Amino acid sequence: MSTQIGRLLEMVLRSTCCQTVRNRSCLRKAVLVPVGPSGLSPPWAPVLHRRAYSLDSLSSGPDRSTYGAGSQQSGPEKTTPSSAISHRNLSALAVQGQHHPRCLYDYLDLGEVEENVRLAKACPKKRHYIVDPELAKVVTQHLAPDPQDTKTIIFECNPGPGVLTKTLLNAGAQRLVALQGEKSFLKDLQLEGHLDGQLEVVHCNFFQLDPLGFGTVKPPTMFTEKLFTDLGISEANWTDDIPVKVVGIAPLHNERCFLLKLVYALFERCHVFRYGRIELNLFISERLYQSLTARPGQMKMYKPLAVLWQMSCDIELLHKVPWESLALYSKGKIPASKGRLPNDHLCLVRLRPRADLFSSGLTPSNAATLLMIVKQCLIRTKGKIIEKLNGWSPDSGSKLLSELGMSEDILTGQLHPGDYLRLFQQLDKSPDFKHSWLYVERLENTETKGWA
């Protein structure tokens, strides 16, 4: 019995000695402190400084240690400015390798409002600019940039002093392309030193893309193909997610013509819509917004522009601001509110193309026929639609209307945008519809020459 007790004590002493050696190797020259009966160290014993490792990876990395109270460090830890910034910005997920945009942590200063207004008014071009930080925040909230979304690209048109640009970056926009048409503002957008490749600045005016004719053009005028190729954006299927969101202030001197050009390009899948369903978030005048959302029966307002946009896109009013909220160039004047439609505000409108637009027989190749039908029908909004149908497909107007469940007395200004699309689809299937009304017919003598 005594022999077994002796062996047991010997094993305990050996394990204790081994543990002591390990502790000495880990704590280097630290002294093991004997503990008294009360659990406290005797006053003659040296104090053992212990390192307390933090589990919070935000405050300390794997190579850093936090010292307890009363401890002394051999010297201050030297860090470079870049390493200090990186340690401040990295989260627990970033330490594991996930990247986060720097602007979420390094806030970009928006500048003084008075200085931004001065820069905007100094611009010689006839343009408006966002200089109010609160308005920039509202626009950013509607665009909802996702720090985790690296696919969707935001095009900002003519950012000017860059208040909205910096607000979008501060909100975590992963890829922002500033299309700056005015050369004097390009230097204000050189923010690459504060970013990790989130911003690209291009000397380009989005509202002057694809000019008529061919040949060499100089910035800010540019062709869509060159812009998208330089940015590495490829063509996408129409039913895919939104690849690009465009935000800006439409040129108010020709905003109606610009939107008419865009909607034609949308139906024919050219211009920017060649690359997918491009979402537009544009500031337009209140008068144009009322025209864009006119309903059937409003004979003086219900025009092809309203029918085509409502047919092709979901239209949503996001925000309204008075004209004074945007800085205007020095020689500009706020448009007067005259006429039958109010025009006291600028409206931020979202135009999102429908994914199912080309799923029911409509194609980019026959879209021109639909555009022509809508334009010809709405020349006279109080004319009967059956008269137009009989002109295009003789004696088939009654049959087409009955198949669509429409009255023969219905007027062109009473058809909904969806009715025009269904009417086109039915007319396109008719064997009597020969598209002859699209062409100019003339008599020509091929034997006698010299006729006027």
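As a reminder, the structure under discussion sits directly above these lines.
Residues numbered from 1 in each chain as written. Predicted model: local features only at pLDDT ≥ 70, side-chain atom pairs only at ≥ 80, totals over all residues. Heavy atoms only, no water.

> Can you tell me about the pairing of strand S4 (residues 153-157), naming the residues and giving the values?
The buried fraction of S4 amounts to five of the five residues, a majority that puts the element mostly inside the structure. Here S4 pairs with strand S7 (residues 244-249) via four bridges, running parallel. Residue pairing in the sheet places glutamate 156 in a bridge with valine 247 of S7. The pairing of S4 with strand S5 (residues 176-180) spans four bridges and is parallel. From the neighbouring strand, cysteine 157 faces S5, where its bridge partner is leucine 179. (Buried < 20%, exposed > 50% of the residue type's maximum accessible area, 1.4 Å probe, protein only. Helix = DSSP H or I, 4+ residues; strand = E, 2+ residues; numbered from the N terminus. Pairing = 2+ DSSP bridges.)

> Talk me through the nonpolar core; I want residue IDs and the actual numbers.
Formed by 75 residues in total, the largest nonpolar core has its most connected members in Phe155, Leu227, Leu259, Phe267 and Trp309. In terms of residues, this core owes the most to one element, helix H8 (residues 255-268), which gives seven residues. Among residues more than four places away in sequence, those in contact with phenylalanine 155 are Val177, Leu179, Leu227, Phe228, Leu231, Ile233, Val244, Lys245, Val246 and Val247. Within the second largest apolar cluster, 27 residues are counted, among which are Ile130, Leu176, Leu346 and Leu348. (Core = buried A, V, L, I, M, F, W, Y, C linked by side-chain atoms within 4.5 Å. Contact = heavy atoms within 4.5 Å.)

> Before we move on, can you summarise the sheet that holds S4 with the specific residues and values?
Taken in spatial order, the seven strands of this open sheet run S6-S5-S4-S7-S8-S11-S9, and their pairing is mixed. Unpaired on one side and paired on the other, strand S6 (199-203) and strand S9 (313-322) mark the two borders of the sheet. Within this sheet the neighbouring strands show an average axis-to-axis angle of 20°, counted without direction. Pairing of S9 with strand S11 (residues 345-353), which is carried by nine bridges, proceeds in the antiparallel orientation. The residue of S11 that forms the bridge with proline 322 is histidine 345. Docked against the sheet, H8 engages strand S8 (279-285), S9 and S11, running at close to 160° with respect to S8. Lying over the sheet, helix H10 (residues 304-312) contacts S8, S9 and S11, oriented at roughly 115° with respect to S9. (Axes fitted to C-alpha atoms, helices over the stretch in contact; angles between N-to-C directions.)

By themselves these figures say nothing about function.
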